[in-house]
Amino acid sequence: MVAVFIRTASHDFRKTEKQMESCMPHVKNVAHKVYIEIDVKTIDSDRPGLSQLIADIEAGLVNKVICHSAERISRNPVELGKFMQLATHMNVPLVFAE
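Residues numbered from 1 in each chain as written. Predicted model: local features only at pLDDT ≥ 70, side-chain atom pairs only at ≥ 80, totals over all residues. Heavy atoms only, no water.

**Student:** Honestly, the confidence of the model for the chain in this entry has me stumped. Any pointers?
**Tutor:** The predicted structure's coordinates, where accompanied by low pLDDT, should not be read in detail. When the pLDDT values of the chain are averaged, the result is 93; 98% of them are 70 or greater. The secondary structure element of the chain with the lowest average pLDDT is helix H1 (residues 13-27), at 93, and the one with the highest is strand S3 (residues 64-67), at 98. (pLDDT = per-residue confidence, 0-100. Helix = DSSP H or I, 4+ residues; strand = E, 2+ residues; numbered from the N terminus.)

**Student:** What is the right way to read the nonpolar core from this model?
**Tutor:** Counting residues in hydrophobic clusters, the biggest one holds 15 residues, and the most contacted among them are Phe-5, Leu-53, Ile-57, Val-62, Val-65, Ile-73 and Phe-83. Those elements that provide at least two residues to this core are strand S1 (2-7), helix H2 (48-58), S3 and helix H4 (77-89). Excluding anything up to four places from it in sequence, Leu-53 contacts Ala-3, Phe-5, Tyr-35, Val-62, Val-65 and Phe-83. Among the nonpolar cores identified, the runner-up in size contains six residues, and Val-2, Val-4, Ile-6 and Ile-66 belong to it. (Core = buried A, V, L, I, M, F, W, Y, C linked by side-chain atoms within 4.5 Å. Buried < 20%, exposed > 50% of the residue type's maximum accessible area, 1.4 Å probe, protein only. Contact = heavy atoms within 4.5 Å.)

**Student:** Help me out: how do you make sense of the side chain of His-68 in this one?
**Tutor:** Mapped onto the elements, His-68 comes out in the loop between S3 and helix H3 (70-73). Within the structure, the side chain of His-68 is placed 2.7 Å from the side chain of Ser-22, a separation counted as a polar contact. If we ignore the near neighbours within four places in the chain, the residues touching His-68 are Phe-5, Lys-18, Gln-19, Ser-22, Cys-23, Phe-96, Ala-97 and Glu-98. (Polar contact = N/O pair within 3.5 Å; in protein donor to acceptor, adjacent residues only side chain to side chain.)

**Student:** What's the story with H4 in this structure? I'm lost.
**Tutor:** Residues three or four positions apart in an α-helix share a direction because the helix packs 3.6 residues into each turn. Given a rise of 1.5 Å per residue, 13 residues ought to cover 18 Å, and the 18 Å separating the end C-alpha atoms of H4 matches this to within 8%. Listed as buried for H4 are Leu-80, Phe-83, Leu-86 and Ala-87. What you see down the axis of H4 is that its buried residues fit within an arc of 125°, all on one side. The exposed residues of H4 that point more than 90 degrees off its buried face are Pro-77, Val-78, Lys-82, Gln-85, Thr-88 and His-89. Next to the buried residues of H4 lie H2, S3, H3 and strand S4 (94-96). Near the N-terminus of H4, the side chain that reaches the backbone nitrogen of Val-78, with its oxygen 2.7 Å away, is that of Asn-76. Downstream of H4 by a residue or two, Asn-91 has a phi angle that is positive, lying close to 55°. (Expected span 1.5 Å × (residues − 1). Arc of directions from axis to C-beta.)

**Student:** Mind showing me how you'd approach H1 here?
**Tutor:** Given a rise of 1.5 Å per residue, 15 residues ought to cover 21 Å, and the 21 Å separating the end C-alpha atoms of H1 matches this to within 8%. Thr-16, Gln-19, Ser-22, Cys-23 and Val-27 are the residues of H1 that are buried. In this structure, the buried side of H1 is in contact with S1, strand S2 (32-37), S3 and H3. Capping the start of H1 is the job of one residue whose side-chain oxygen sits 3.0 Å from the backbone nitrogen of Arg-14: Asp-12. Of the residues trailing H1, Lys-28 is marked for its positive phi of about 60°.

Below is the structure:
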């Protein structure tokens, strides 16, 4: 399954919509799941969308991750590096639409 990860730091629907529009051309016509975090900052300790995405990658359910940009996953270089390392270890390509 292809994972589409969306995160906004506000309730601005236009930002969410923009991210979806940039990601969906990379999905094509394959099964996909959208992991979404609205009004979540990367410094927040509660990241339900990211936590579920990581669990699904570890369970072998995800074979590609599409995200608007790397900073949507995290602006923290250590956290982003850990995520990228997991994806590499699990042979899950990351596609950044921006």
